[in-house]
Amino acid sequence: MDRYLVIGNPIAQSKSPTIHSLFADQVNQQICYQRLLSNSDTFERDIRTFITSGGKGANITAPFKQQALAICDDVSADAKAAGAVNTLSFVDGKIYGDNTDGRGLVSDLLNHNVTLSGARILVLGAGGACRGVILPLLAHQPECLVIANRTLSKAQQLVEHFANEKLMAIDYNTTRQYQFDLIINATSASLTSSLPAIPCAVVNDSICYDMVYGAEPTAFLSWCTQNGAKQTIDGLGMLVGQAAESFCIWRGVKPNSTPVINKLRREFQGEA
Ligand code: ATR
């Protein structure tokens, strides 16, 4: 049976084994998919040991996405742009890297019938999570893609790096001068239940997306609802969407994310 891994630190919380085994059932394939805890000193050795033992591919999660890029023989345009890899494929002794996070986000937005073409999009945060979604969002021809970050210089660096006329960097306070159709929280603030300090008026009638997910609405999405958001969406669909893209790279068939999202959501609600 073909073997796959998700590798990170911490890793016990990862839903990837559940998601990939549901995908495999859905398309009548048999795979073995496990978790592996690693650390930066052993990461490369762990991957090479897995390849030697016949492993076919691996998902990479925090904090190894940059380190994974460095060990690839070849990488996709998305991985290069993101500066990070979340999917490794091992073929004929070579390591291929891709980054499916941005495609996962876009597919989730489209599944929610969010219009990206011509949309005014605000992304909060300028770390790896933001960087990985810029090209896939731009591919849908938004009117503009504005990056706002607590530390403005990091947003400016990203805009310089991607050099696209639709991109602009602003600080949190300046967001009040614009109206957005879609606001995406790509900061890590929700992981600690804190809020990016944007003015509440910005939220008015926007669709608000948080890349973080959980049994309860994230702090950001609750705050958006209180401030008049048109719709709120958490990152569970992005998680399943990026996994569907990885599965497709490895197995040649793209599974349907919706039943898997629904099952995980029901499990969360049971836990809440
Ligand atoms: P990653 O690469 O995993 O996305 P990161 O590079 O640490 O993580 O970036 C985290 C992002 O969340 C940054 O944009 C960070 O803002 P700064 O660049 O100003 O540090 C943002 N962030 C984290 N906690 C935040 C908070 N409480 N409020 C606002 N932004 C926050």
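Scroll up for the structure.
From a predicted model like this one, the values you see are computed outputs, not experimental measurements.

Engineer: Could you clarify how one ought to interpret the overall build of the protein in this entry?
Structural biologist: Helix and strand counts for the protein come out as ten helices and twelve strands. Out of the 272 residues in the protein, the part that is buried amounts to 50%. Expressed as a percentage of contacts within the protein between residues at least 6 apart in sequence, the contacts between residues at least 24 apart total 66%. Accessible surface computed for the protein: about 12,500 Å², of which carbon and sulfur atoms make up 47%. Taking the average location of the 22 positive side-chain charges in the protein and that of its 24 negative ones, the two points are 2 Å from each other.

Engineer: Would you mind going over the packing of aromatic side chains with me for this structure?
Structural biologist: Geometrically, a pair of aromatic rings is defined through the distance of the ring centres and the angle of the planes. Per the stated rule, a full pass over the model turns up eight aromatic pairs. Taking 5.7 Å as the distance between ring centres and 35 degrees as the angle between the ring planes, the aromatic pair formed by Tyr213 and Phe268 counts as tilted. Remark: Phe268 occurs in helix H10 (residues 257-271) and Tyr213 occurs in the loop between strand E11 (207-210) and helix H8 (219-226); sequence separation between them is 55 residues. What makes Tyr213 partly exposed here is its relative accessible area of 26%. When its relative accessible area of 6% is taken as the criterion, Phe268 is described as buried. Put simply, the rings of Tyr4, Tyr33 and Trp250 touch in pairs and so form one group of aromatic residues.

Engineer: I'm lost on the environment of Asn99 in this one. Help?
Structural biologist: Along the chain, Asn99 falls in the loop between strand E6 (94-98) and helix H5 (101-111). Counting along the chain gives 17 residues from Asn99 to Ala82, while the straight-line C-alpha distance between them is 7.3 Å. When sequence neighbours within four positions are dropped, the list of residues in contact with Asn99 reads Ser76, Asp78, Ala79, Ala82, Ala84, Val85 and Asn86.

Engineer: Could you clarify how one ought to interpret the site of the ligand in this entry?
Structural biologist: Neighbouring the ligand are 16 residues; Gly128, Asn149, Arg150, Thr151 and Lys154 lie closest to it. Side-chain polar atom of Asn149 to an oxygen atom of the ligand: 2.7 Å apart, as the coordinates give it. For the ligand, an oxygen atom lies 3.1 Å from a polar atom in the backbone of Ser188. Calculation on the ligand without its partners gives an accessible area of 640 Å², and the protein chains cover 69% of this total.

Engineer: Where do I start with the packing of H5 against helix H9 (residues 236-251) in this structure?
Structural biologist: Any two packed helices are characterised by how steeply their axes cross, that is the angle between the axes, and by the distance between the axes. At a minimum axis distance of 7 Å, the contact between H5 and H9 shows a crossing angle of 120 degrees. Our classification of the angle between H5 and H9 gives oblique. When the axes of H5 and H9 are compared, the crossing they make is right-handed. Here Asp101, Arg103, Gly104, Leu105, Ser107 and Asp108 of H5 lie close against H9, whose contacting residues are Gly237, Met238, Gly241, Gln242, Glu245 and Ile249. Broken down by class, the residue content of the contact of H5 with H9 amounts to three nonpolar, five polar and four charged.

Engineer: Can you help me understand the packing of helix H6 (residues 128-138) against helix H7 (residues 152-162) in this one?
Structural biologist: At a closest axis distance of 11 Å, the pairing of H6 and H7 adopts a crossing angle of 35 degrees. You can see that H6 and H7 cross each other, and the crossing is right-handed. Counting all contacts with H6, which are made through Cys130, Arg131, Ile134 and Leu135, the residues of H7 involved are Leu158, His161 and Phe162. Taken together, the residues of the contact of H6 with H7 break down into five nonpolar, one polar and one charged.

Engineer: Explain the sheet that holds strand E2 (residues 31-37) to me, please; I cannot follow it from the model alone.
Structural biologist: Whenever strands of a sheet pair, they do so through backbone hydrogen bonds, lying parallel or antiparallel. With mixed pairing, the six strands of this open sheet are ordered in space as E2-E1-E3-E5-E6-E4. Looking at which strands have only one partner, the edges of the open sheet turn out to be E2 and strand E4 (74-75). As paired strands, strand E1 (residues 2-8) and E2 are joined by seven bridges and run parallel to one another. From the neighbouring strand, Val6 faces E2, where its bridge partner is Arg35. Against the sheet, helix H2 (residues 43-52) engages E1, E2, strand E3 (57-60), strand E5 (87-91) and E6, with an angle of about 175 degrees to E1.

Cut-offs and rules
- Residues numbered from 1 in each chain as written.
- Predicted model: local features only at pLDDT ≥ 70, side-chain atom pairs only at ≥ 80, totals over all residues.
- Heavy atoms only, no water.
- Helix = DSSP H or I, 4+ residues; strand = E, 2+ residues; numbered from the N terminus.
- Buried < 20%, exposed > 50% of the residue type's maximum accessible area, 1.4 Å probe, protein only.
- Contact = heavy atoms within 4.5 Å.
- Areas by Shrake-Rupley, 256 points an atom, 1.4 Å probe, with all protein chains shown as cover.
- Lys, Arg positive; Asp, Glu negative; His and termini not counted.
- Charge placed at Lys NZ, Arg CZ, Asp CG, Glu CD.
- Phe/Tyr/Trp six-rings, centres within 6.5 Å; stacked < 30°, edge-to-face > 60°.
- Near = heavy atom within 4 Å.
- Polar contact = N/O pair within 3.5 Å; in protein donor to acceptor, adjacent residues only side chain to side chain.
- Axes fitted to C-alpha atoms, helices over the stretch in contact; angles between N-to-C directions.
- Parallel < 35°, antiparallel > 145°, perpendicular 65-115°, else oblique.
- Left-handed = near helix turned anticlockwise from the far one by under 90°.
- Nonpolar A, V, L, I, M, F, W, Y, C, P; charged D, E, K, R; others polar.
- Pairing = 2+ DSSP bridges.

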